[in-house]
Amino acid sequence: MDGWKEERWKGIVREYSYDDVLRLRGRWPSPAVYSRLLSEKFWRMLKGKPYVFAIGALTGTQAIQMVDAGFEAIYVSGWQVAADANDAGMMYPDLGLYPSSSGPALVRRILRALRRADQIRSLEGGKGPDYFVPLIADCEAGFGGPLHAFELVREMIEAGAASVHLEDQHHSERRCGHLGGKVLVPLDAFKRTLVAARLAADVMDVPLVIIARTDSLDANFVTSDHDPIDGQFITGGRTPEGYYRFSGGMDAAVARALAVAPYAELIWFETKRPSLEEAKEFAQKVLSRYPEKMLAYNLSPSFNWKKHLDVEQIAEFQRELAKLGYKFQFITLAGFHALNASMFELAKGLVEEGMPAYVRLQEKEFELEKTGYRAARHQSFVGVQYYDLVYDIVSGGRASAKALEGSTEKEQFVR
């Protein structure tokens, strides 16, 4: 980057100088090769496609299945990290309870799995999808003040994230956007969080794509009455915790989005239901001021979709969103629900029938191989043949104790 004069930075505000970045960067080269390349790739996708679609991966092998099935980007959800992929080894609700290192750890884990998948495919002749896909990661509310946000984004970049999103909730009361009792920080505090994220990316020399999320549509409280924009929506009467009561609503969501739009490439307003009317109102009001700004939309599993939309509306929902300017669309908890529903179905069948239920799963896997599924042959899928080659090379081509040779997979799972 050369002082941010490129077209890439059109419409992005920085509240610091290029010299400030150079003072913080030091003399070592940036370790963030993956993040830089994938950020650039994600930006090209956003600019070149009607919209980018991603779903949330809970594990590395889930991410491989997503790419094998045709996805070109992966979402890394903080909710899923809280539930079953955090460094504390606990199952948490999405209340900001897990260690902040957990999100970067999952990003790193997913990218390592995708790299191994690429190595295995290359070993088999190079056929298959491009596993070098952008990861869009949840930074929640930054896990603290601007210094915490700076460090968290730096860790996400080192892990390989192409994009991050941060929200305007208060970090100590932070929760899933579809829970009640949401507490906002004043706009100045949210701006500082976004500035800190951008500064971290610049120090790491990465054109990170930043998504700013506002939870103000359905927020109940705000920590301060300092900001005049927030003041329009404060209804009086403080809570025992000292918070100001906040009315929320579309006007609040738009006002906050407009205030932070110059600090992010995409804007996301968290919603309570899938509504094109609501999405259209928000898009029109934001894009009338910032016509080149891109929007993001959470196709949330927290919505009861068929309660709000019929089958035709569901089928057209994403295309209609794209027409309104929602360039990044994602299903946050796809990994969690797919994992749990499929395991319950298998377990229930095994309890009631025994082995026929498992054989049905195996036969389904064989059938899925016709469309690109590879995990039925689980030994090859995770790379036994890769390490057989390593063993053979270090043995001068004379290795006799290769793992895949003589395996049941080699003998019984013949394509």
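Described below are features of the structure shown in this document. (Residues numbered from 1 in each chain as written. Predicted model: local features only at pLDDT ≥ 70, side-chain atom pairs only at ≥ 80, totals over all residues. Heavy atoms only, no water.)

Before going further, it helps to spend a moment on the sheet that holds strand β6 (residues 209–214). Around the barrel, eight strands lie side by side as β1-β2-β3-β4-β6-β10-β11-β12; this closed barrel has parallel pairing. Averaged over all adjacent pairs, the angle separating strand axes in this sheet is 25 degrees, with direction ignored. In this fold helix α5 (residues 102–123) packs onto β2 (74–76) and β3 (135–138), with an angle of close to 160 degrees to the strand it touches most, β3. (Pairing = 2+ DSSP bridges. Helix = DSSP H or I, 4+ residues; strand = E, 2+ residues; numbered from the N terminus. Axes fitted to C-alpha atoms, helices over the stretch in contact; angles between N-to-C directions. Contact = heavy atoms within 4.5 Å.)

Residues Leu-266 and Trp-268 point to one face of strand β10 (residues 266–269) and Ile-267 and Phe-269 to the other, with burial holding for every one of them. Relative to β10, β6 runs parallel, the two sharing four bridges. Bridging from a neighbouring strand, Ala-212 pairs with Ile-267 of β10. The handedness of the β10 to strand β11 (residues 294–298) crossover, carried by helix α10 (residues 276–287), is right-handed. (Buried < 20%, exposed > 50% of the residue type's maximum accessible area, 1.4 Å probe, protein only. Right-handed = clockwise from strand over helix to strand, strands pointing away.)

Ranked by size, the top nonpolar core spans 106 residues in total, and within it Leu-114, Phe-282 and Phe-328 carry the most contacts. It is helix α7 (residues 187–203) that provides the largest number of residues to this core, a total of 11 residues. Look past the residues within four positions of Phe-328 in its chain and what remains in contact with it is Phe-42, Leu-46, Val-52, Ala-54, Tyr-75, Ile-136, Ile-211, Leu-266, Leu-295, Ala-296 and Tyr-297. Membership of the second largest hydrophobic core comes to nine residues, among which are Leu-184, Ile-234, Phe-246 and Ala-252. (Core = buried A, V, L, I, M, F, W, Y, C linked by side-chain atoms within 4.5 Å.)

Interhelical geometry of helix α13 (residues 334–353) versus helix α14 (residues 355–368) gives an angle of 140 degrees and a closest axis separation of 6 Å. Along the contact surface, α13 presents Leu-346, Gly-349, Leu-350 and Glu-353, while α14 presents Met-355, Pro-356, Ala-357, Tyr-358, Arg-360 and Leu-361. Taken together, the residues of the contact of α13 with α14 sort by class into seven nonpolar, one polar and two charged. (Nonpolar A, V, L, I, M, F, W, Y, C, P; charged D, E, K, R; others polar.)

Relative to the elements of secondary structure, Val-81 occurs in helix α4 (residues 78–84). You can call Val-81 buried: its relative accessible area is 1%. For Val-81 and Leu-58, which are 23 residues apart along the polypeptide, the C-alpha to C-alpha distance reads 7.3 Å. Those residues in contact with Val-81 that sit more than four places away from it in its chain are Asn-86, Tyr-98, Ser-102, Gly-103 and Leu-106.

An ideal rise of 1.5 Å per residue puts 32 Å on 22 residues; α5 measures up with 32 Å between its terminal C-alpha atoms. Gly-125 occupies a position one or two residues after α5 and carries a positive phi of about 120 degrees. (Expected span 1.5 Å × (residues − 1).)

The phi torsion at Glu-140 lies on the positive side, around 50 degrees, for a residue other than glycine. Here Glu-140 shows up in the loop between β3 and α6 (146–159). One non-glycine residue, Phe-143, adopts positive backbone phi at about 60 degrees. When you line up the elements, Phe-143 lands in the loop between β3 and α6.

The next subject is the packing of aromatic side chains. Under the definition given, this model contains 19 aromatic pairs. Both rings, one in Trp-79 and one in Phe-336, keep their centres 4.8 Å apart while their planes meet at 75 degrees; by these two values the pair is edge-to-face. Within this pair, whereas Trp-79 is found in helix α4, its partner Phe-336 is found in helix α13, the two being separated by 257 residues in sequence. Judged by relative accessible area, Trp-79 falls into the partly exposed class, the value being 23%. By relative accessible area, which is 22% here, Phe-336 ends up partly exposed. The interplanar angle of 15 degrees and the centroid separation of 4.1 Å between the aromatic rings of Phe-269 and Phe-282 together place this pair among those described as stacked. Separated by 13 residues along the polypeptide, Phe-269 in strand β10 and Phe-282 in helix α10 bring together distant segments of the chain. Taken as a pair, Phe-269 and Phe-282 share a single burial class, namely buried. Members of the aromatic cluster, each reached through a chain of ring pairs, are Phe-42, Tyr-75, Trp-268, Phe-328 and Phe-330. Between Arg-8 and the ring centre of Trp-43, over which it is positioned, the NZ or CZ distance is 3.9 Å. Its end group placed over the ring of Trp-268, Arg-213 keeps NZ or CZ at 4.7 Å from the ring centre. (Phe/Tyr/Trp six-rings, centres within 6.5 Å; stacked < 30°, edge-to-face > 60°. Lys NZ or Arg CZ within 6 Å of the ring centre and 35° of its normal.)

Our next topic: the sheet that holds strand β8 (residues 234–238). In space, the four strands of this open sheet follow the order β5-β7-β9-β8, with mixed pairing throughout. In the strand order of this sheet, the two ends are held by β5 (183–184) and β8, each with one partner.

We now examine the side chain of Asp-138. Position of Asp-138 relative to the elements: it lies in strand β3. Within the buried set, Asp-138 has no salt-bridge partner at all; the shortest N-O distance to an opposite charge, 4.9 Å, is to Arg-174. A polar atom in the side chain of Asp-138 sits 2.7 Å from the backbone nitrogen of Glu-140. (Lys, Arg positive; Asp, Glu negative; His and termini not counted. Salt bridge = Lys/Arg side-chain N within 4 Å of Asp/Glu carboxyl O. Polar contact = N/O pair within 3.5 Å; in protein donor to acceptor, adjacent residues only side chain to side chain.)

Scope: geometric values only; no functional claims are made or implied.
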